[in-house]
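What the coordinates show
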2 protein chains.
Amino acid sequence: MFESAELGHELTKAQYKQIEPKLRADLLDAQYQLASNGRFPVVIIISGVRGAGKGETVNLLNEWMDPRHIHTHAFDYPSDEERDRPPMWRFWRVLPPKGRIGILFGSWYTAPIIDRVFKRSKDKDLTAAIDRINQFEKMLADEGALILKFWFHLSKKRQKKRLRALQADKETRWRVTDRDWDFFKMYDRFYRVSETALRRTNTALAPWIVVEGTDERFRSVTVGKEILEALKKRLALRAERRKSKSQAAPIVHPVDGVHLLKRLDLSASLDKPAYEKRIDKLQRRLALAVRHPKFRDYNVVCVFEGMDAAGKGGAIRRVTAALDARYYHTIPVAAPTDEERAQPYLWRFWRHLPRKGGFTIYDRSWYGRVLVERIEGFCSEADWMRAYSEINEFEDQLVGNGAVVAKFWLQISKEEQLRRFKERERTRFKRFKITAEDWRNRKKWAAYQEAAADMIERTSTEHAPWTLVAANNKYHARVKVLDTLVDSLERALDSR
Amino acid sequence: MFESAELGHELTKAQYKQIEPKLRADLLDAQYQLASNGRFPVVIIISGVRGAGKGETVNLLNEWMDPRHIHTHAFDYPSDEERDRPPMWRFWRVLPPKGRIGILFGSWYTAPIIDRVFKRSKDKDLTAAIDRINQFEKMLADEGALILKFWFHLSKKRQKKRLRALQADKETRWRVTDRDWDFFKMYDRFYRVSETALRRTNTALAPWIVVEGTDERFRSVTVGKEILEALKKRLALRAERRKSKSQAAPIVHPVDGVHLLKRLDLSASLDKPAYEKRIDKLQRRLALAVRHPKFRDYNVVCVFEGMDAAGKGGAIRRVTAALDARYYHTIPVAAPTDEERAQPYLWRFWRHLPRKGGFTIYDRSWYGRVLVERIEGFCSEADWMRAYSEINEFEDQLVGNGAVVAKFWLQISKEEQLRRFKERERTRFKRFKITAEDWRNRKKWAAYQEAAADMIERTSTEHAPWTLVAANNKYHARVKVLDTLVDSLERALDSR
């Protein structure tokens with residue numbers, strides 16, 4: 001991929017002087033249109049070999065455009081808050097919102113490539129990282145992001161020359177460190193590994209643009225022009241025409257109308273004395289498990305979903321009762337804020353991920369995408385269809401980072417829901433739990449049930465399985481939830 | 001303050017059973033009203049001696065109320081991201097938004113008290129901390145927060161008994177650590193220090209409620225009732241009646257109409273060759289200063305204010321041109337997002353504070369409160385009047401944490417503004433910089449000037465001084481900005 005970036009491309013001063021003013025004005029125009037239309041974010045990745053002028057070009061971009069709508073982020077060593085979360089968390093937290101340009105100086109490519117160059121990882125790790133990256137960038141593109149990935153290249157000879165020149169000048173000497181020379185020694189390996197990475201992530205949705213880094217004028221104009229062209233092309237597309245390119249297997253509706261929730265036996269029940277005895281024991285076990293010294297390397301992510309009045313709140317409180325208020329958070333999932341709406345769908349869940357040793361309970365969750373948003377038409381079919389794989393990938397990352405992911409679907413019968421709605425209307429401190437929306441949702445019972453059955457089938461994975469909880473009897477449901485949770489947690493703590 | 005909390009208060013089981021259901025229902029009702037009216041946040045601080053049942057009570061509050069609208073935060077050791085900012089940053093980041101309840105388990109009281117108990121600080125440090133806390137809580141109250149501070153007390157005898165009891169029980173043994181006994185040894189000192197702290201922070205806006213921690217039923221009902229009463233009282237107040245209680249010195253308008261901006265000589269100018277030579281030198285010095293090893297313990301916070309077209313953007317770019325894109329951020333201050341509107345005014349600036357070694361440039365800033373918000377009537381007079389001292393306090397904290405705070409007011413004449421407006425309309429890539437709003441603001445020139453003069457007078461402090469920049473000539477202005485900035489930074493690096 002790098003051949004044409006070793007041809008010694010350059011622009012004369014005269015050429016540059018001719019091009020620059022118009023390019024600059026056009027970039028500003030395009031950027032301003034982007035900011036005022038606010039329909040999509042622009043993610044610009046700047047990577048490549050050392051000494052190829054990445055920093056200078058980024059500074060120039062900030063000078064050419066309005067820096068108020070650009071956010072440049074560099075990724076040094078992760079902070080402790082970042083190290084406690086899945087590796088992608090630090091990138092999620094700085095994604096540009098719609099209408100803005102985010103320049104990422106270093107990116108999700110850096111660690112996988114460097115680790116492989118210095119043999120801290122194996123080929124299969126690189127392959128896994130690349131798969132993950134492709135999924136992530138596809139998600140970004142599906143969410144509307146314009147992605148531009150620049151790779152600044154220098155031939156081996158040029159890089160050596162460049163480092164030496166920087167070192168010779170008193171003014172720039174500080175910029176060359178031992179680490180640069182360590183990297184230079186690995187040039188050939190770096191070339192091979194990064195070429196592999198680039199080739200396999202050079203997708204239509206997020207293509208690489210390799211730029212020869214030797215000549216400042218050439219590389220700056222190249223980057224500027226590529227950004228301008230991509231921006232103009234994208235701005236010219238009418239919103240309706242930019243349809244998601246996702247293809248997912250179509251949902252198959254069983255012709256006999258039977259789905260797995262219909263087959264769930266809802267008669268399971270427990271009497272109060274038995275319940276109290278069991279719940280007490282389970283809470284003790286849970287309290288012990290989270291105090292286990294090993295738990296500091298873990299965390300728990302619980303998801304509660306279910307029809308209205310299925311008893312999510314009650315079950316959650318039986319879990320939290322065993323926990324120290326210091327270490328858990330309950331995240332109620334409601335309508336997104338405007339900052340959340342300006343980001344990819346999963347962003348508002350990423351932002352609440354617990355640190356190691358933490359315990360987060362999502363009262364409703366990212367599954368809203370394939371439940372309420374699907375049923376109510378809040379997003380397109382393509383959007384909720386791709387959510388299944390995005391969610392699986394997301395939960396995979398949580399598990400990979402030490403999370404125990406426990407997902408509960410609380411199932412009640414339609415009759416039981418009616419009984420509870422009526423009871424809520426009668427009971428003073430429960431009446432705020434029942435709204436007109438609940439009654440509206442109830443009318444779509446069958447559609448919700450079918451969506452839930454699909455969801456469970458498509459997102460119940462080995463590491464993040466769904467637990468179907470028969471919840472007509474609250475005592476039984478709570479015991480089932482705690483039992484499952486304690487069991488998974490204890491197993492995780494035993495395993496490593 | 002603790003005498004009445006050593007009387008052995010208790011509630012019988014029968015009394016509790018009679019009170020609890022109604023208290024619980026009323027709390028839920030009040031909480032629901034709060035969530036739906038969304039007018040103010042509730043900040044509940046839970047502090048006090050160890051073993052006094054703080055955790056149990058917090059869990060119970062979460063059980064009584066709807067945990068979806070409560071966020072409980074505990075403060076263990078700060079993370080590295082927190083340690084890099086002023087100590088109050090970690091509290092700012094978890095303040096509850098309007099309509100929500102935030103329970104702070106540990107708070108801004110913890111470190112000042114503990115440091116004094118263990119003699120890591122002096123009396124004057126405690127006094128300074130207390131002053132700061134009073135200002136902070138006054139600000140919260142002025143911003144509309146309902147503040148409830150609970151102190152859980154146990155007599156020395158009771159505490160010993162309680163720790164022993166916890167230790168004797170297999171189930172609770174883990175909760176008693178060596179640290180608890182270390183603290184117990186300091187009981188008398190802790191009593192005296194915390195009494196001092198409480199007495200001096202027991203204000204009308206944020207009163208302390210001391211609760212005897214011995215009897216679980218007594219302490220829970222006490223806390224629940226206090227929260228309920230305060231919530232009900234506050235919810236009953238009509239919005240208009242809750243006027244800010246702030247009193248600030250009235251603004252004095254000089255009867256001759258002369259203010260300091262009128263006396264600024266705007267004729268200073270520089271020709272292009274001289275400018276280029278000087279700016280180049282200054283940028284080199286700036287680049288060197290931020291690469292100084294000591295700079296890792298500092299950061300820079302720059303503020304740019306001035307009339308429209310005063311040249312803020314151009315000056316900012318001359319600063320950033322000397323910096324590595326990795327280490328600076330430009331924060332354009334625009335209309336707040338809905339998450340920002342649900343928080344105290346300064347919240348949206350706190351969230352962007354740089355870490356140590358960082359460089360943040362605010363293009364317009366918190367001074368909007370006393371400029372545009374004052375002139376356009378976006379906030380009440382009481383609100384912008386109190387902003388002067390809140391801002392001084394804020395900047396004090398920045399400086400105390402190692403920040404070099406440089407504030408620039410770029411001053412142009414009214415004629416020069418007109419010339420630039422017209423030029424902007426003519427120049428293609430500058431035309432987005434000029435809007436109808438700019439022309440509207442221009443009509444209020446005198447009012448803005450007067451507000452700016454007030455602002456400069458009231459917020460130019462020794463550690464965070466304003467620099468008035470004569471900006472009719474851009475070259476002169478940019479040199480002045482860089483010169484001042486480089487100078488302050490070099491002085492700071494030399495001083496310690």
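Residues numbered from 1 in each chain as written. Chains lettered and ligands numbered in written order. Predicted model: local features only at pLDDT ≥ 70, side-chain atom pairs only at ≥ 80, totals over all residues. Heavy atoms only, no water.

Within chain A one finds 20 helices and 10 strands. Counting only C-alpha atoms, chain A reaches 85 × 50 × 40 Å along its principal axes. Burial statistics for chain A: of 496 residues in total, 56% are counted as buried. For chain A, the exposed surface amounts to about 22,600 Å²; the carbon and sulfur share of it is 50%. Computing the positive centroid from 94 side-chain charges and the negative centroid from 69, chain A places the two 2 Å apart. (Helix = DSSP H or I, 4+ residues; strand = E, 2+ residues; numbered from the N terminus. Buried < 20%, exposed > 50% of the residue type's maximum accessible area, 1.4 Å probe, protein only. Areas by Shrake-Rupley, 256 points an atom, 1.4 Å probe, with all protein chains shown as cover. Lys, Arg positive; Asp, Glu negative; His and termini not counted. Charge placed at Lys NZ, Arg CZ, Asp CG, Glu CD.)

Glancing now at the pairing of strand β3 (residues 101–105) of chain B. All names here are of chain B. Across the five residues of β3, five count as buried, placing the element largely inside the fold. The side-chain alternation of β3 yields two buried faces, one formed by Ile101, Ile103 and Phe105 and the other by Gly102 and Leu104. Pairing of strand β1 (residues 42–48) with β3 involves five bridges; the strand directions are parallel. Its bridge partner lying in β3, Ile45 is registered against Leu104. Bridge analysis of strand β2 (residues 70–74) against β3 gives five bridges, and the strand direction is parallel. (Pairing = 2+ DSSP bridges.)

Among the 11 residues of helix α2 (residues 54–64) of chain A, eight are classified as buried, and the element is accordingly described as predominantly covered. When α2 of chain A is considered as a whole, its buried residues turn out to be Lys54, Thr57, Val58, Asn59, Leu60, Leu61, Asn62 and Trp64 of chain A.

Right, let's get into the relation of the copies chain A and chain B. For the pair chain A and chain B, the best superposition has an RMSD of 0.0 Å and corresponds to a rotation of 180° with a translation of 0.0 Å parallel to the axis. Accordingly, the operation relating the two chain copies is best matched by a two-fold axis. Most of the interface of chain A is mirrored in chain B, where 100% of its interface residues are also at the interface. (Least-squares fit on C-alpha atoms with pLDDT ≥ 70 in both. Contact = heavy atoms within 4.5 Å.)

Residues and elements named next belong to chain A. Within strand β1 (residues 42–48), seven of the seven residues are buried, which leaves it mostly tucked inside the rest of the structure. Where β1 meets strand β4 (residues 146–153), seven bridges bridge the pair, whose relative direction is parallel. When the sheet's bridge partners are listed, Ile45 is paired in β4 with Lys149.

All right, on to the sheet that holds β1 of chain B then. Residue and element names in this part refer to chain B. On the basis of which strands lie adjacent, the open sheet formed by five strands has the order β2-β3-β1-β4-β5 and parallel pairing. Two strands lie at the open edges of the sheet, namely β2 and β5 (208–212), each paired on one side alone. Going across the sheet, the axis of each strand differs from the next one's by a mean of 20°, ignoring polarity. (Axes fitted to C-alpha atoms, helices over the stretch in contact; angles between N-to-C directions.)

A separate point is the interface of chain A and chain B. Quite often, the size of an interface is put as the accessible area lost when its parts meet. On the side of chain B, 54 residues touch chain A, which itself brings 53 residues to the contact. Between chain A and chain B, a total of about 5,000 Å² is buried, with carbon and sulfur atoms accounting for 52% of that surface. Run the count over chain A and chain B and you get four salt bridges. A salt bridge links Glu339 of chain A to Arg351 of chain B; its shortest N-O distance comes to 3.0 Å. Of all the secondary-structure elements, those providing two or more residues to the side of chain A that touches chain B are α1 (13–37), α2, β2 (70–74), α3 (80–83), α11 (272–291), α12 (312–320), β7 (328–332) and α13 (338–341) of chain A. Broken down by element, the side of chain A that touches chain B gets its largest block of residues, seven residues, from α1 of chain A. (Buried area = accessible area lost by both parts, 1.4 Å probe. Salt bridge = Lys/Arg side-chain N within 4 Å of Asp/Glu carboxyl O.)

Next up on the list: the environment of Thr484 of chain A. Residue and element names in this part refer to chain A. Turning to its location among the elements, Thr484 is positioned in helix α20 (residues 474–495). Considered as a pair, Thr484 and Val469 are 15 residues apart in the sequence and their alpha carbons are 10.0 Å apart. Those residues in contact with Thr484 that lie beyond four places of it in its chain are Phe408 and Thr467. A polar contact is formed between the side chain of Thr484 and the backbone oxygen of Lys480, at a distance of 2.6 Å. (Polar contact = N/O pair within 3.5 Å; in protein donor to acceptor, adjacent residues only side chain to side chain.)

Turning our attention to helix α8 (residues 178–185) of chain A. Residues and elements named next belong to chain A. Regarding α8, the residues found buried are Asp180, Phe183 and Phe184. Projected down its long axis, α8 shows its buried positions confined to an angular sector of 100°, all on one face. Those residues of α8 that are exposed and angled more than 90 degrees off the buried face are Asp178 and Lys185. (Arc of directions from axis to C-beta.)

Residues and elements named next belong to chain B. When you line up the elements, Glu305 lands in strand β6 (residues 299–306). What makes Glu305 buried here is its relative accessible area of 2%. The residues touching Glu305, leaving out its near neighbours within four places in the chain, are Lys312, Arg364, Ser365, Tyr367, Gly368, Leu371, Phe408, Trp409, Leu410 and Trp466.

All names here are of chain A. An order of β7-β8-β6-β9-β10 is seen for the five strands of this open sheet, with the pairing classed as parallel. Looking at the sheet topology across the chains shown, the edges are occupied by β7 and β10 (466–470). Neighbour-to-neighbour, the strand axes of this sheet turn through a mean angle of 20°, independent of strand direction. Inspection of the sheet shows strand β6 (residues 299–306) paired to strand β9 (residues 403–411) by eight bridges, in the parallel sense. From the neighbouring strand, Glu305 faces β9, where its bridge partner is Trp409.

Residues and elements named next belong to chain B. Viewed as axis vectors pointing N to C, helix α6 (residues 123–142) and helix α9 (residues 187–200) meet at an angle of 35°, and their least axial separation amounts to 10 Å. The handedness of the crossing between α6 and α9 is right-handed. Counted together, Leu126, Thr127, Ile130 and Asn134 of α6 and Val193, Ala197 and Arg200 of α9 form the full contact between these two elements. Looking at the contact of α6 with α9 residue by residue, the class counts come to four nonpolar, two polar and one charged. (Left-handed = near helix turned anticlockwise from the far one by under 90°. Nonpolar A, V, L, I, M, F, W, Y, C, P; charged D, E, K, R; others polar.)

All names here are of chain A. The final tally for this structure, using the stated rule, is 78 salt bridges over all chains. For Arg120, the salt bridge identified is with Asp115, shortest N-O distance 3.0 Å. Accessibility expressed as a relative area gives 27% for Asp115, which makes it partly exposed. A cluster of three or more residues bridged by salt bridges with shared partners is formed by Lys138, Asp142, Glu143, Arg348, Arg369, Glu373, Asp383, Arg386 and Glu390.

One non-glycine residue with positive phi stands out, namely Lys119 of chain B, at about 55°. Taking relative accessible area as the criterion, Lys119 of chain B reaches 61% and is therefore assigned exposed.

Glancing now at the nonpolar core. Nonpolar side chains in soluble globular proteins tend to end up buried together. Formed by 284 residues in total, the largest nonpolar core has its most connected members in Trp108, Phe359 and Trp366 of chain A together with Trp108, Phe359 and Trp366 of chain B. For Phe359 of chain B, the residues in contact, after removing those within four places along its chain, are Leu286, Val290, Phe295, Val300, Cys302, Val319, Leu323, Tyr327, Tyr328, His329, Pro354 and Leu485 of chain B. (Core = buried A, V, L, I, M, F, W, Y, C linked by side-chain atoms within 4.5 Å.)

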